[in-house]
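Results of the structural survey
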Amino acid sequence: MTLCSTVHEQTRLIHGDTPCDALQRTPGPPIQRGSTVLLPTCEALYDGGKVTYGRVGLSTQRTLRDALRDLENADEAFLYPSGLTAITGTLLALLSAGDEVLACDTVYNPTRRFLAGTLARFGVTARYFDPADDAEAIRAMITPKTRVIFLESPGSLSFEMQDIPAIAAMAKEAGVMTVIDNTWAAGVLFKPLDHGIDVSIQSLTKYVCGHSDVFMGLAAAKGHAAELLASSSYETGWAVSPDDAYMAIRGLRTLRTRLTQHGAAALEVARWLEAQPEVRSVMCPALPTDPGHAIWKRDFTGICGLIGAMLEPASNEAVAAMVERLELFGLGFSWGGYESLAIPVDPQLAARTHKRSYPGPLLRLHIGLESVDDLIADLRQGLDTLSQETAAPQRKLRAAG
């Protein structure tokens, strides 16, 4: 814009931008910030086919959406400010009062809270099926009110595998939409939409962003589900910042490389854990001993860094002492970053409908990008602490006797 010489300094500071040359090409995309979008004509102001407000996303968000759409083989991809809002936003888009959700009993606990809280208040019913149920067992649960089947494979915390292609095919025959939390596979190790799922959700906070410093979620969809998500996302105003979108794009550049290293390290740790006397079993679908190994081998191309272990019987205090003794494994929620994490998970299992008795306490591990030898040494000292804490009460009893 060229301003006349009589315009005051205050006005020039606001309107006196000099048109810049075309942006120079860099490996990363430009970050475009803005709420107001300046348009050339009044007609363009109300053109529904154009971006007229920054909340719907400018060039940075569009670049990320396009990349994630291609990653998930989707018709469209929608961004949300966290993984949980990707879940809640999807369910709000697909469900109405009086509808019913059938959810796998191993879903992420905040998903369960949303189903029991907000959606129940809006007149949506949720029922849970055992992760061991096959497609026909789930079909038997469907009623005229069933609108969505919500899946997560491997199951959160306990890593059960579901036969996703069979469940998706059954649901299509029954006229029910399917949604899966695909965060464990990060859109790389498993492609749900290629197997008949309607909506694939990821917490981009985890592996895509990859550095434990960004919150973001994704819902990638095909067909009618994509249309419903498009309308709902626009109506409810979900948005992510261009700076966070840039961070997610940067994470995508190294996603496959990081996942390969996470997976290789996790498998090495899992094999080592299997041989430890304090460990009753390891929950890792890539192990031939895992109950879900055949499904994993058929449908997945690898594993991420998230695995579990069932310890030999031990008190909560002994498990806490073990986890707190670890030096390289942080004690904290989330996963998918470069760092290793460990948490005991038994307190989270109480909310499940299909109660399962585990012979020993469960531990969830995220295997980061540190040296595997160092991680194994750290786990060994933690298991030594577990053994000592478990043996101490027994020694006291023997001494008292």
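This text goes with the structure placed above it.
Residues numbered from 1 in each chain as written. Predicted model: local features only at pLDDT ≥ 70, side-chain atom pairs only at ≥ 80, totals over all residues. Heavy atoms only, no water.

**A short note on the nonpolar core**
Counting residues in hydrophobic clusters, the biggest one holds 119 residues, and the most contacted among them are Ile-149, Trp-184 and Leu-273. Per element, the largest residue contribution to this core is nine residues, and it comes from helix α10 (residues 255–274). Once you skip the residues sitting within four places of it in the chain, Ile-149 turns out to touch Leu-102, Phe-129, Ile-138, Ile-142, Ile-167, Met-170, Ala-171, Val-176, Met-177, Thr-178 and Val-179. (Core = buried A, V, L, I, M, F, W, Y, C linked by side-chain atoms within 4.5 Å. Buried < 20%, exposed > 50% of the residue type's maximum accessible area, 1.4 Å probe, protein only. Helix = DSSP H or I, 4+ residues; strand = E, 2+ residues; numbered from the N terminus. Contact = heavy atoms within 4.5 Å.)

**Description of the side chain of Gln-162**
Inspection of the secondary structure assignment puts Gln-162 in the loop between β4 (146–152) and α7 (164–174). The class for Gln-162 is buried, based on a relative accessible area of 2%. A distance of 3.1 Å separates a polar atom in the side chain of Gln-162 from the backbone oxygen of Glu-152. Looking at Gln-162, its side chain comes within polar contact range of the main-chain oxygen of Glu-160, at 3.5 Å. (Polar contact = N/O pair within 3.5 Å; in protein donor to acceptor, adjacent residues only side chain to side chain.)

**Comments concerning the sheet that holds β4**
Judged by pairing direction, the sheet is mixed, and its seven strands sit side by side in the order β1-β7-β6-β5-β4-β2-β3 without closing on themselves. Taken across any chain shown, the strands that pair with only one partner, and hence form the sheet edges, are β1 (76–80) and β3 (125–129). Adjacent strand axes in the sheet meet at a mean angle of 20°, parallel and antiparallel pairs treated alike. When strand β2 (residues 100–104) meets β4, the two strands line up parallel, connected through four bridges. Note on β4: the bridge partner recorded for Val-101 is Val-148. Those strands touched by helix α3 (residues 59–72) are β1, β6 (199–203) and β7 (217–221), and its axis lies near 125° from that of β1. Sheet strands in contact with helix α8 (residues 223–236) are β1, β4, β5 (177–181), β6 and β7, and its direction is about 35° off that of β1. (Pairing = 2+ DSSP bridges. Axes fitted to C-alpha atoms, helices over the stretch in contact; angles between N-to-C directions.)

**Remarks on unusual backbone geometry**
Residue Pro-154 is bonded to the preceding Ser-153 through a cis peptide linkage, with omega at 0°. Residue placement: Pro-154 occurs in the loop between β4 and α7. We note that Leu-157 has phi near 75°; this positive angle belongs to a residue other than glycine. Summarising the element assignment, Leu-157 is placed in the loop between β4 and α7. Even without being a glycine, Phe-159 presents a positive backbone phi close to 65°. Relative to the helices and strands, Phe-159 resides in the loop between β4 and α7.

**Thoughts on the pattern of salt bridges**
Evaluation of the coordinates by the stated rule reveals 19 salt bridges. The partner of Glu-278 in a salt bridge is Arg-380, with the nearest N and O atoms 2.5 Å apart. Of this pair, Glu-278 sits in the loop between α10 and β8 (279–283) while Arg-380 is found in helix α13 (residues 372–400), placing the two residues 102 residues apart along the sequence. Under the relative-accessibility criterion, Glu-278 is labelled buried at 11%. Of the charged contacts, one joins Arg-325 and Glu-327 as a salt bridge, the two residues approaching to 3.4 Å between their closest N and O atoms. Taking the relative accessible area as the measure of exposure, Arg-325 reaches 35% and is therefore partly exposed. Take Glu-327: its relative accessible area is 61%, and that puts it in the exposed class. What emerges from the salt-bridge pattern is a single network uniting Arg-62, Arg-65, Asp-66, Arg-69, Asp-70 and Glu-76. (Salt bridge = Lys/Arg side-chain N within 4 Å of Asp/Glu carboxyl O.)

**With respect to the side chain of Asp-299**
Examined against the element boundaries, Asp-299 turns out to sit in helix α11 (residues 293–299). Using a relative accessible area of 10% as the deciding quantity, one classes Asp-299 as buried. With sequence-adjacent residues up to four places away left out, Asp-299 is seen in contact with Pro-165, Leu-189, Phe-190 and His-195.

**What to know about the pairing of β2**
When you tally the buried positions in β2, you get five out of five residues, the bulk of the element. Of the two faces of β2, the one carrying Glu-100, Leu-102 and Cys-104 and the one carrying Val-101 and Ala-103 are both buried. Across five bridges, the pairing between β2 and β3 is parallel. Looking at β3, one finds that Cys-104 is bridged to Phe-129.

**So, the sheet that holds strand β11 (residues 362–366)**
Pairing between the strands of a sheet comes from backbone hydrogen bonds, and it takes one of two forms, parallel or antiparallel. Taken in spatial order, the four strands of this open sheet run β8-β9-β11-β10, and their pairing is antiparallel. Each edge of the open sheet carries a strand with a single partner, namely β8 and β10 (341–344). Within the sheet, the average angular offset between the axes of one strand and its neighbour, ignoring direction, is 20°. Here strand β9 (residues 306–311) runs beside β11; their pairing, made up of five bridges, is antiparallel.

**A short note on the pairing of β4**
Across the seven residues of β4, six count as buried, placing the element largely inside the fold. Pairing of β4 with β5, which is carried by five bridges, proceeds in the parallel orientation. Residue Leu-151 lies in a different strand from β5, and its bridge partner there is Ile-180. Between the parallel elements β4 and β5, the chain passes through α7 in a crossover that is right-handed. (Right-handed = clockwise from strand over helix to strand, strands pointing away.)

**Quick notes on α8**
Taking 1.5 Å per residue as the helical rise, α8 with its 14 residues ought to reach 20 Å, and the 20 Å between its terminal C-alpha atoms agrees with that figure. For α8, the full list of buried residues reads Ala-225, Ala-226, Leu-228, Leu-229, Ser-232 and Ser-233. Along the long axis of α8, the arc covered by the buried residues comes to 160°, so they all point the same way. Structural note: α8 exposes Glu-227, Tyr-234 and Glu-235 on the side pointing more than 90 degrees away from its buried face. Contacts made by the buried residues of α8 are with β1, α4 (83–94), β4, β5, β6 and β7. Residue Gly-237 follows α8 closely and has a positive phi angle near 80°. (Expected span 1.5 Å × (residues − 1). Arc of directions from axis to C-beta.)

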